[in-house]
Amino acid sequence: MVEKMNLKPVQLALVEHPIHGSVFLEGAAGSGKTTVAIHRLLYLLESGVPANEILVIVPQRALEYPYVDALRAADLPPGGQVTVTTMSALAIEMVQLFWALAAPKMGFAPDKQPTILTLETAQYIMSRIVDPLILEHGYFDAITIDRNRLYSQILDNLNKAAVGGFSYTEIAQRLKEAWLGESAQQKTFDQVQECADLFRRYCIDHSLMDFSLQIESFCQLWDEPQVREYLFTRYAHLIIDNTEEENPALIDILVDWLPDADSALVIHDTNGGFRSFLGADPVYAFDNLSKSCDEAAKFEESFVNTPELEALVNEFARQM
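Residues numbered from 1 in each chain as written. Predicted model: local features only at pLDDT ≥ 70, side-chain atom pairs only at ≥ 80, totals over all residues. Heavy atoms only, no water.

A. Layout of the overall build of the protein chain. Within the protein chain one finds 14 helices and 8 strands. Of all intrachain contacts in the protein chain linking residues separated by at least 6 positions in sequence, the fraction that spans at least 24 positions is 78%. Within the structure as shown, the protein chain displays about 15,900 Å² of accessible surface, and the carbon and sulfur contribution to it stands at 53%. (Helix = DSSP H or I, 4+ residues; strand = E, 2+ residues; numbered from the N terminus. Contact = heavy atoms within 4.5 Å. Areas by Shrake-Rupley, 256 points an atom, 1.4 Å probe, with all protein chains shown as cover.)

Rendered as structure tokens:
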């Protein structure tokens, strides 16, 4: 049995919420939200929900460990496994599984499975594109920046386009619209766009998938009935933690998914969103996911924060 004696009544009510419908839970860090999610997961299993029908989604792999550790420690019935993953990892899984559908949408050859690029291998490919342009044509002569950082910045622009839901071909235009400095910098933005275009073409031609292509391909696949049916049938129960750290493209997918789930617990950290520089949009996540759930709950009290730590968190949130 799952030990629940240390839970507050408001926590226990969510843990033992009927196994249908969706609940949006918000609260500050340390208010017991993830504790509720872990106990809810174990409660679902104790109540007879098959483990392989439960999907736990977190924004980064490090946040998987509390769920994985709880599952390892619990005395659970045999049969199946709970899936604890990130939306990015789920995107890769779906793209590989439905490659025959994804490839034509993105311009890939469907008969050749893609190679997934890490950040390091993506930077290596980018260096092969950028370095000749710098050496032979004087690209980026208006800026002083470390080469590795330059590769990273161009890749980051591709990633921001993918998670923001706009075309990578708009990178230069958007950079120009946001720039308030000297007009000479406009040339640099055009060079960034050219490098992004060349990188994307190289990836398509050689069946390589960087992060931006993984997200774009998953978003394209989401329109396919086969993909939705597969996920809706496979995972009837969702637990989604730290939604404030997710990006708009993947939030849109979650919003579509929630009405088809038998049950869902969606958790939002009120003062989170520290991955905004990576494309997270806490306001977009809150506005859309809170409206997509049947019920809402809020934890006001922090069980771990001191007044000093609470003040620091609030100051960070105010500066964002």
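B. Just the environment of Phe232, in detail. Note on placement: Phe232 falls in helix H11 (residues 225–234). For Phe232, a relative accessible area of 17% puts it in the buried group. In the structure, Phe232 is positioned 27 residues away from Pro259 in sequence and 9.9 Å away in space, judged by C-alpha atoms. Not counting chain neighbours up to four residues away, the residues in contact with Phe232 comprise Trp222, Asp256, Trp257 and Asp260. (Buried < 20%, exposed > 50% of the residue type's maximum accessible area, 1.4 Å probe, protein only.)

C. Representation of unusual backbone geometry within the structure. In this structure, Ser207 is a non-glycine residue whose phi angle is positive, near 55 degrees. Note that Ser207 resides in the loop between helix H9 (185–205) and strand S5 (208–209).

D. The packing of aromatic side chains, seen in detail. One pass over the structure, following the stated rule, counts 9 aromatic pairs. Seen from their ring centres, Phe218 and Trp222 are 6.3 Å apart, and the 75 degrees between their planes marks the pair as edge-to-face. A relative accessible area of 0% means that Phe218 is categorised as buried. An aromatic cluster of three or more residues is present, and its members are Phe218, Trp222, Phe232 and Trp257. Directly above the ring of Phe166 sits Arg174, whose terminal nitrogen or CZ lies 3.7 Å from the centroid. Directly above the aromatic system of Tyr168 lies the positively charged group of Arg200, at a separation of 4.4 Å from the ring centroid. (Phe/Tyr/Trp six-rings, centres within 6.5 Å; stacked < 30°, edge-to-face > 60°. Lys NZ or Arg CZ within 6 Å of the ring centre and 35° of its normal.)

E. Looking closely at the nonpolar core. Residues Val130, Phe140, Ile154, Phe199, Phe218, Leu238 and Trp257 are the most contacted members of the largest nonpolar core, which totals 65 residues. Ignoring any residue separated from it by four or fewer positions in sequence, one finds Phe218 in contact with Met87, Ala91, Met94, Val95, Leu250 and Ile253. Membership of the second largest hydrophobic core comes to 28 residues, among which are Leu45, Ala51, Ala70 and Phe299. (Core = buried A, V, L, I, M, F, W, Y, C linked by side-chain atoms within 4.5 Å.)

F. Seen up close, helix H2 (residues 33–46). Along its 14 residues, H2 runs 20 Å from first to last C-alpha, staying within 8% of the 20 Å computed at 1.5 Å per residue. Across the 14 residues that make up H2, a large majority, 11, are buried. Following H2 by one or two positions, Gly48 adopts a phi angle in the positive range, close to 100 degrees. (Expected span 1.5 Å × (residues − 1).)

G. Representation of the pattern of salt bridges within the structure. Counted under the stated rule, the structure contains 10 salt bridges. As a salt-bridge pair, Arg201 and Asp205 come within 3.1 Å of each other at their nearest N and O atoms. You can see Arg201 and its partner Asp205 sitting in helix H9, 4 residues apart, about one turn around the helix. Overall, Arg201 belongs to the partly exposed group, its relative accessible area being 47%. (Salt bridge = Lys/Arg side-chain N within 4 Å of Asp/Glu carboxyl O.)

H. Just the environment of Leu119, in detail. Looking at the element boundaries, Leu119 is found in helix H6 (residues 119–137). On the basis of relative accessibility, which here comes to 52%, the residue Leu119 falls in the exposed class.

I. Region of interest: helix H10 (residues 211–221). Counting buried residues along H10, 8 of its 11 residues qualify, which places the element largely inside the surrounding structure. Taken together, the buried positions of H10 are occupied by Ser212, Leu213, Gln214, Ile215, Glu216, Ser217, Phe218 and Leu221.

J. The environment of Ile204, seen in detail. Mapping Ile204 onto the fold places it in helix H9. In this structure Ile204 comes out as buried when scored by relative accessible area, which is 7%. Setting aside residues no more than four positions away along its own chain, Ile204 makes contact with Met106, Gly107, Phe108 and Leu213.

K. Summary view of the pairing of strand S2 (residues 54–58). Judged by how many residues are buried, S2 sits mostly within the fold: 5 of 5 residues are covered. Both faces of S2 are covered, namely the face carrying Ile54, Val56 and Val58 and the face carrying Leu55 and Ile57. When S2 meets strand S6 (residues 237–240), the two strands line up parallel, connected through 4 bridges. Counterpart to Val56 in the pairing with S6 is Ile239. In this sheet, strand S3 (residues 83–86) lies alongside S2 in parallel orientation, the contact comprising 4 bridges. Counterpart to Ile57 in the pairing with S3 is Thr85. The handedness of the S2 to S3 crossover, carried by helix H3 (residues 65–73), is right-handed. (Pairing = 2+ DSSP bridges. Right-handed = clockwise from strand over helix to strand, strands pointing away.)

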